[in-house]
Amino acid sequence: EIVMTQSPATLSVSPGERATLSCRASQSVGTYLAWFQQKPDRAPRLLIYGVSLTSTGVPARFSGSGSGTEFTLTISSLQSEDFAVYYCQQYDKWPLTFGGGTRVEIK
Amino acid sequence: EMQLVESGGALVQPGGSLRLSCAASGFTLPNYNMIWVRQGPGKGLEWVSYISSGGTIYYADSVKGRFTISRDDAKNSVSLQMNSLRAEDTAVYYCARTGASGSYPRYWGQGTLVTVSS
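Within chain B, the secondary structure is distributed over 0 helices and 11 strands. Start at the N end of chain B and walk to the C end: the helices and strands fall as β-β-β-β-β-β-β-β-β-β-β. A globule of 118 residues ought to have a C-alpha radius of gyration of about 13 Å, and chain B, at 13 Å, matches this closely. Taking the principal axes of its C-alpha atoms as reference, chain B extends roughly 40 × 30 × 25 Å. Within the span of chain B, comprising 118 residues, buried residues form 51% of the whole. For chain B, restricting intrachain contacts to residue pairs at least 6 apart in sequence, the fraction spanning at least 24 positions comes to 52%.

Have a look at this one:
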């Protein structure tokens, strides 16, 4: 099983600042990496797939990068609606696995 | 408009059974790959099961032998039959349609809560 490790667990950021979230895979997942945003009591929402492809309707301030085992989600200028929990997921091999999540909170 | 609506969540005793359903609208479900993902209280996301448009099925080890995924093409729905339920199966269960280019959940339902407790 591919283990996905996200860091940090919690990120405190002021509105308007840049946020950088990390995701590491225990083995290469190529470009089969997605990112999700989840707000309290809501279903997750797809942000990024294929490492860097933005899902429909996702603001341009969200971007993804990386390859192999190291990946990054960047939010260029945090808006109030961006404070949430973010998960990465690999879909290169079964079983599908998610990271433990990074909570982005208001500083 | 594409929509997924889960139902069937309930309080059930350990060892009991439950059947979750996910009704699709706005698209023809048999043409797509579908996934169940769960989230325990205060926990992260965990993949549970997958069924492809061609009928290929996968399960997480944690539910293999206890859960069964199936599709009802006439009802445009996918189901998850859950047997021998344990306390650790307590979670919100989401169904999702995968993306066109891989097995990532692209469209999600709102989730249904399963509580396993005596």
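The next point concerns unusual backbone geometry. Residues and elements named next belong to chain A. Following Ser-7, the chain continues to Pro-8 via a peptide bond in cis, the omega torsion being -10°. With respect to the helices and strands, Pro-8 occurs in the loop between β1 (4-7) and β2 (10-13). The omega torsion of the bond from Trp-94 to Pro-95 falls at 0°, within 30 degrees of zero and hence cis. Inspection of the secondary structure puts Pro-95 in the loop between β9 (85-90) and β10 (97-98). Positive phi is not limited to glycine here, since Val-51 has a value of about 70°.

It is worth spelling out the pairing of strand β7 (residues 62-67) of chain A at this point. All names here are of chain A. Judged from the 6 bridges that link them, β7 and strand β8 (residues 70-75) form a sheet pairing that is antiparallel. Note that in β8 the partner of Ser-65 across the bridge is Thr-72. Here β7 hands over to β8 after 2 residues, with Gly-68 in that stretch at a positive phi of 70°.

Residue and element names in this part refer to chain B. Judged by which residues are buried, strand β3 (residues 18-25) turns out to be one-sided: Leu-18, Leu-20, Cys-22 and Ala-24 face inward and are buried, whereas Arg-19, Ser-21, Ala-23 and Ser-25, on the alternate face, are not. Direction of pairing for strand β1 (residues 3-7) relative to β3: antiparallel, over a ladder of 5 bridges. Directly across from Glu-6, in β3, lies its bridge partner Cys-22. By the bridge criterion, 6 bridges tie β3 to strand β8 (residues 77-82) in an arrangement that is antiparallel. Counterpart to Arg-19 in the pairing with β8 is Gln-81.

This part covers the sheet that holds strand β3 (residues 19-25) of chain A. All names here are of chain A. Strand order in the open sheet made by the 4 strands is β1-β3-β8-β7, with antiparallel pairing throughout. Here the strands that pair on one side only, and so sit at the sheet edges, are β1 and β7. Direction aside, neighbouring strands of the sheet carry axes that sit 20° apart on average. Pairing of β3 with β8 involves 6 bridges; the strand directions are antiparallel. Across the sheet, residue Ser-22 finds its bridge partner in β8, namely Thr-72.

With that settled, consider the interface of chain A and chain B. Taken residue by residue, the interface counts 17 residues in chain A and 19 residues in chain B. Roughly 1,500 Å² is buried in total at the junction of chain A and chain B, and carbon and sulfur atoms are behind 71% of that figure. Considering only the surface of chain A that becomes buried against chain B, A:Pro44, A:Trp94 and A:Phe98 emerge as the three largest contributors, covering 36% of it. Inspection of the region where chain A meets chain B yields 0 salt bridges. For the side of chain A that touches chain B, the secondary-structure elements that each account for two or more residues are β4 (33-38), β5 (45-49) and β9 of chain A.

Rules behind the numbers
- Residues numbered from 1 in each chain as written.
- Chains lettered and ligands numbered in written order.
- Predicted model: local features only at pLDDT ≥ 70, side-chain atom pairs only at ≥ 80, totals over all residues.
- Heavy atoms only, no water.
- Helix = DSSP H or I, 4+ residues; strand = E, 2+ residues; numbered from the N terminus.
- Rg over C-alpha atoms; globule rule 2.2 N^0.38 Å.
- Buried < 20%, exposed > 50% of the residue type's maximum accessible area, 1.4 Å probe, protein only.
- Contact = heavy atoms within 4.5 Å.
- Pairing = 2+ DSSP bridges.
- Axes fitted to C-alpha atoms, helices over the stretch in contact; angles between N-to-C directions.
- Buried area = accessible area lost by both parts, 1.4 Å probe.
- Salt bridge = Lys/Arg side-chain N within 4 Å of Asp/Glu carboxyl O.

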